[in-house]
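# Descriptive analysis of the structure
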Amino acid sequence: ETGVTQTPRHLVMGMTNKKSLKCEQHLGHNAMYWYKQSAKKPLELMFVYNFKEQTENNSVPSRFSPECPNSSHLFLHLHTLQPEDSALYLCASSQDAGQGSTGELFFGEGSRLTVL
Amino acid sequence: AQSVAQPEDQVNVAEGNPLTVKCTYSVSGNPYLFWYVQYPNRGLQFLLKYITGDNLVKGSYGFEAEFNKSQTSFHLKKPSALVSDSALYFCAARGGSTLGRLYFGRGTQLTVWP
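The notes below deal with the structure included here.

### Some remarks on the overall build of chain A
Counting secondary structure elements, chain A contains 0 helices and 11 strands. The N-to-C order of helical and strand elements in chain A reads β-β-β-β-β-β-β-β-β-β-β. By its C-alpha atoms, chain A is 45 × 25 × 25 Å across when sized along the principal axes. Here the contacts in chain A between residues at least 6 apart in sequence split such that 54% fall between residues at least 24 apart. Here chain A displays about 5,400 Å² of accessible surface, and carbon together with sulfur accounts for 51% of that area.

### A short note on unusual backbone geometry
Residue and element names in this part refer to chain A. Geometrically, the link from Thr7 to Pro8 is a cis peptide bond, its omega value of -10 degrees lying close to zero. Backbone geometry places Phe51, a non-glycine residue, at a positive phi of 50 degrees. Mapped onto the elements of the fold, Phe51 is located in the loop between strand S5 (44-50) and strand S6 (53-57).

### Describing the interface of chain B and chain A
Each side of the interface is counted separately: chain B has 20 residues, and chain A has 23 residues. Together, the buried faces of chain B and chain A total about 1,800 Å²; carbon and sulfur atoms form 50% of this surface. Remark: the boundary between chain B and chain A carries 2 salt bridges. Note that Lys49 of chain B and Glu104 of chain A form a salt bridge whose closest N and O atoms lie 3.0 Å from each other. When contributions to the side of chain B that touches chain A are tallied by element, the ones reaching two or more residues are strand S5 (31-38), strand S6 (44-50) and strand S10 (87-95) of chain B.

Scoring rules and cut-offs
- Position numbers for residues start from 1 in each chain and track the written sequence from start to end.
- Each chain takes a letter, starting from A, and each ligand takes a number, starting from 1, following the order in which they are written.
- Totals for whole chains, interfaces and linings use every residue, but because this is a predicted model, local features are given only for residues with pLDDT of at least 70 and side-chain atom pairs only at 80 or more, for both listing and counting.
- By convention in this description, side-chain values take in all heavy atoms of the structure and omit both hydrogens and water.
- For helices the rule is a DSSP run of H or I covering at least 4 residues; for strands it is a run of E covering at least 2, with both sets numbered from the N terminus onward.
- Any pair of residues with heavy atoms lying within 4.5 Å of one another is described as a contacting pair.
- Note that accessible areas follow from Shrake-Rupley with a 1.4 Å probe, and for residues the cover is restricted to the protein chains shown.
- Accessible-area loss on putting two parts together, using a 1.4 Å probe and summing over both, is the definition of buried area adopted here.
- In what follows, salt bridge is the name for a side-chain nitrogen of Lys or Arg lying within 4 Å of a carboxyl oxygen of Asp or Glu.

In structure tokens:
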């Protein structure tokens, strides 16, 4: 148990569906992240939020829409996805400010997405 | 450009033998260095970190890593490998402070044979 919870763990969707991935952290951190992990490819950083504000968007297609209503919750809204978007989507959090912080990321277990 | 390199996609070792998983980094300023492990269909788990101080850091499950500033390396080691250590290992680094982007290597698949 890392203190970062992702739901659902598995999701199968068609290309015309709309679904959302949810991430919740119980660590009191102020930064949250979405990563994409595809087979045979490096980890891809998608989005970063600090204190609920988006600070990084790494040229992610608009069919992925993040939402961060507060520092503990992060969503990834999915619509009209493509089969190549099938991957493990990892959420992470960190404490990126303040004394004593060393900035390591704590990851959730991931949401395995399959797009048919 | 800032980056982390793990030169070996795969490392195979017999159970009971020592293991090393290599990592080199290129970041601005003093490095903050991390190792993570990932088991199949799971998220990344934090293993250990180097921030400052002793060049040899100890982490979870008997793993340790040695920071070498002159070689810009942070290799992961374990004196005696277990079959249960078989997993995907990621090295990560950020430069200069606790803020800013964490750069990950591509990962090294460790297989420990019984």
